[in-house]
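# Survey of secondary and tertiary structure
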Amino acid sequence: MPDRNVISWSCIINGYVKWGEHKEALALFREMQMLKGSGVSPNEFTLSGVLSACGRLGALEHGKWVHAYIDKCGMKVDVVLGTSLIDMYAKCGSIERARSVFDNLGHNKDVTAWSALISGLAMHGLGEECLELFVKMLNQEVRPNAVTFLGLLCACVHCGLVDEGKKLFQRMSQEFGISPSIEHYGCMVDLCGRAGLIEEAWDVVKSMPMEPDVLVWGALLSASRTHGKIEVSEVAVRRLTELEPTNSAAHVLLSNLYAKIGRWKDVRHVRDLMEAKGIKKVPGCSLVEIGGVLYEFFVGDDSHPEAREIYMMLEEIMNRLRMEGYIGNTKEVLLDLDEEAKELSLSFHSEKIAIAFAFLKTSPANYEAIKFLSTSNKPKSMEALLIWEVGKTLRTVFAREESEVIKIIKEMKRRDCNAWEKSKQARKVARPEAGTVGQK
């Protein structure tokens, strides 16, 4: 285009966000910023798209910069920008900042702003606060919509509030005249499934007025696998593969279930079937933001320049955990290995590698700068949360003097000089198709 105005820039940025190309959207925004002399300045719709990209990437520092830019330019934080800021801060793990933006909107809040904070609280597992906020919303005579109830049901899912979730599901249609969408039914399947009510979850699926989609069958599969309901799992896998023949997640979940109960022949059968169909498991990855830079780690990868130091730090954290009596859940390892090899393979989860890297690169004063690409600024799995807390303590000890970090790493290498070599084979087993580790 020979002439580009703010509308064309906003459209292309929001288009990239809509199609999931969030890094490209931020790159376009930076390019737009280079054109200050042309008289083209971003408006609230441009910045709304940029904030959405920041939220999806978990890029808190970028999002804070955009917020500062809004204040610097004297833009009014209306409902559009306010809702975008609430959504971004919640997705980046800063729920307190999300609350602050919400409170500063005063009485200028519509249902989208209320729904954004409800969904944000749900992401952080603050179910009771979600329900309290919903009551306040109704008291201020703001009528909820389908998005509001989706956030509330998600909160019930994350916090195990089964009875409350069932009541809300009934109220949305009976009291507010909102027809449940496939997403709401998916939440109910997930809610019942996580609580171990597999039969109820199955009844919800059968009662749906529309055909269940991949997410609904996936929720049922995940729940039935967790609670060892093989028959339901097999039905869910069959329906999933009918909808998406190349869906690797369905095959992997079924394989995990067979592994959990020791049916290794069935595990090999599923793996052979995947190979015959050309289905490849996507290697797990975790992203961590440190000082405004995103780093990406894949499961079991050792291609990072500081991989040796990362694994040494992780091994030290795991040793501290074992000294306190921690035992890894080797039942979840889907490989036919002995117990020692299973426990070793658990150490190479991408999230754990990201945690170890974060502690190598930061001091206790800078933990606020560490953001994991998940529903909060902390890791997702319970085991990774343990590693996170132990690592913080360990790193605080190291921080007495920066040179002690180097000393402890050297000591770790001296104490077990074979640890690196011993773990190589286990990393290969843990990541048969791992990608690369690097800075993004």
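Residues numbered from 1 in each chain as written. Predicted model: local features only at pLDDT ≥ 70, side-chain atom pairs only at ≥ 80, totals over all residues. Heavy atoms only, no water.

## Concerning the overall build of the protein chain
In terms of regular secondary structure, the protein chain is built from 22 helices and 4 strands. Burial analysis of the protein chain (440 residues in total) assigns 48% to the buried set. A fraction of 66% describes how many contacts in the protein chain between residues 6 or more apart in sequence connect residues 24 or more apart. (Helix = DSSP H or I, 4+ residues; strand = E, 2+ residues; numbered from the N terminus. Buried < 20%, exposed > 50% of the residue type's maximum accessible area, 1.4 Å probe, protein only. Contact = heavy atoms within 4.5 Å.)

## Re a negative patch on the surface
The grouping of Glu-128, Glu-132, Asp-163 and Glu-164 at the surface amounts to a negative patch. Only helix 8 (127–139) and helix 10 (162–174) provide two or more residues apiece to the negative patch. Tracing the sequence through the fold places Glu-128 in helix 8. (Patch = residues over 30% accessible without salt bridge, like charges linked within 9 Å, V, L, I, M, F, W, Y side chains within 5 Å. Areas by Shrake-Rupley, 256 points an atom, 1.4 Å probe, with all protein chains shown as cover. Salt bridge = Lys/Arg side-chain N within 4 Å of Asp/Glu carboxyl O. Lys, Arg positive; Asp, Glu negative; His and termini not counted. Charge placed at Lys NZ, Arg CZ, Asp CG, Glu CD.)

## Examining the pairing of strand 1 (residues 285–290)
Of all 6 residues making up strand 1, 5 are buried, and the element is well covered by its neighbours. In the sheet, strand 1 pairs with strand 2 (residues 293–298) via 6 bridges, with the strands oriented antiparallel. If you follow Ser-286 over to strand 2, its bridge partner there is Phe-297. (Pairing = 2+ DSSP bridges.)

## Re the nonpolar core
Residues Ile-86, Leu-117, Phe-134, Phe-149, Leu-152, Leu-168 and Val-189 are the most contacted members of the largest nonpolar core, which totals 94 residues. Looking at which element gives the most residues to this core, the answer is helix 7 (residues 111–123), with 8 residues. Leave out the neighbours within four places in its chain, and Val-189 touches Ala-201, Val-204, Val-205, Val-216, Ala-219 and Leu-220. (Core = buried A, V, L, I, M, F, W, Y, C linked by side-chain atoms within 4.5 Å.)

## Considerations on the packing of aromatic side chains
For the structure shown, the criterion picks out 9 aromatic pairs. Between Phe-134 and Phe-149 the ring centres are 5.7 Å apart and the planes differ by 65°, which places this aromatic pair in the edge-to-face class. Of this pair, Phe-134 sits in helix 8 while Phe-149 sits in helix 9 (residues 146–159), and the two are 15 residues apart along the sequence. In terms of burial, Phe-134 and Phe-149 fall into one category: buried. One aromatic cluster in this structure is built from Phe-29, Trp-65 and Tyr-69. Stacked on the ring of Phe-102, the Lys or Arg Lys-109 has its end atom at 4.6 Å from the ring centre. (Phe/Tyr/Trp six-rings, centres within 6.5 Å; stacked < 30°, edge-to-face > 60°. Lys NZ or Arg CZ within 6 Å of the ring centre and 35° of its normal.)

## A closer look at the side chain of Thr-148
Mapped onto the elements, Thr-148 comes out in helix 9. Residue classification places Thr-148 among the buried residues on the basis of a relative accessible area of 0%. Polar side-chain contacts of Thr-148 include one of 2.6 Å to the side chain of Ser-115. Other than its neighbours up to four places away in sequence, Thr-148 contacts Val-111, Ser-115, Ile-118, Phe-134 and Met-137. (Polar contact = N/O pair within 3.5 Å; in protein donor to acceptor, adjacent residues only side chain to side chain.)

## Here we look at unusual backbone geometry
Positive phi, close to 60°, is recorded for Glu-141, a residue that is not glycine. Following the sequence through the fold, Glu-141 ends up in the loop between helix 8 and helix 9. Exposure remark for Glu-141: the relative accessible area of 75% places this residue in the exposed category.

## Considerations on the confidence of the model for the protein chain
Confidence along the protein chain averages 78 in pLDDT terms, with 74% of residues attaining 70 or more. Ignoring residues within four places in sequence, the model shows residues 333–346, a span with pLDDT below 50, making 31 contacts including any to other chains. Across residues 392–406 the pLDDT falls below 50, and counting only partners more than four positions away or on other chains, this stretch makes 22 contacts in the model. (pLDDT = per-residue confidence, 0-100.)

## Re helix 7
One turn of the α-helix equals 3.6 residues, which is why residues spaced by three or four share an orientation. Spanning 13 residues, helix 7 covers 18 Å between terminal C-alpha atoms, matching the ideal 18 Å at 1.5 Å per step. Most of helix 7 sits out of view: 10 of its 13 residues are buried. Buried residues of helix 7: Val-111, Ala-113, Trp-114, Ser-115, Ala-116, Leu-117, Ile-118, Gly-120, Leu-121 and Ala-122, and no others. The inward-facing, buried residues of helix 7 abut helix 5 (79–91), helix 6 (95–104), helix 8 and helix 9. Directly after helix 7, the chain includes Gly-125, whose backbone phi takes a positive value near 75°. (Expected span 1.5 Å × (residues − 1).)

## Describing the pattern of salt bridges
Applying the stated criterion across every chain yields a total of 12 salt bridges. Note that Arg-171 is salt-bridged to Glu-175, the shortest N-O span being 2.8 Å. On the basis of relative accessible area, Arg-171 is assigned to the partly exposed category, the value being 29%. Given the relative accessible area of 46%, Glu-175 is considered partly exposed. As a salt-bridge pair, Arg-239 and Glu-242 come within 3.3 Å of each other at their nearest N and O atoms. With a gap of 3 residues between them, Arg-239 and Glu-242 both fall in helix 14 (residues 230–243), about one helical turn apart.

## Regarding the packing of helix 9 against helix 11 (residues 182–194)
Closest axis-to-axis distance for the helix 9/helix 11 pair is 9 Å, and the angle between their directions is 10°. Relative to helix 11, helix 9 is oriented roughly parallel. Along the contact surface, helix 9 presents Ala-146, Phe-149, Leu-150, Leu-153, Cys-154, Cys-156, Val-157 and His-158, while helix 11 presents Glu-183, His-184, Cys-187, Met-188, Asp-190, Leu-191 and Arg-194. Looking at the contact of helix 9 with helix 11 residue by residue, the classes come out as 10 nonpolar, 2 polar and 3 charged. (Axes fitted to C-alpha atoms, helices over the stretch in contact; angles between N-to-C directions. Parallel < 35°, antiparallel > 145°, perpendicular 65-115°, else oblique. Nonpolar A, V, L, I, M, F, W, Y, C, P; charged D, E, K, R; others polar.)

## Quick look at the state of the cysteines
In this structure the tally under the stated criterion is 0 disulfides. The closest cysteine sulfur to the non-disulfide-bonded Cys-130 is located on Cys-159, 7.4 Å from its own sulfur. A residue is classified by how much of its surface remains accessible, and Cys-130, at 0% relative accessible area, is buried. Note on Cys-156: no disulfide assigned, nearest cysteine sulfur contributed by Cys-159 at a separation of 7.7 Å. The buried category is assigned to Cys-156, whose relative accessible area is 0%. (Disulfide = S-S within 2.5 Å.)

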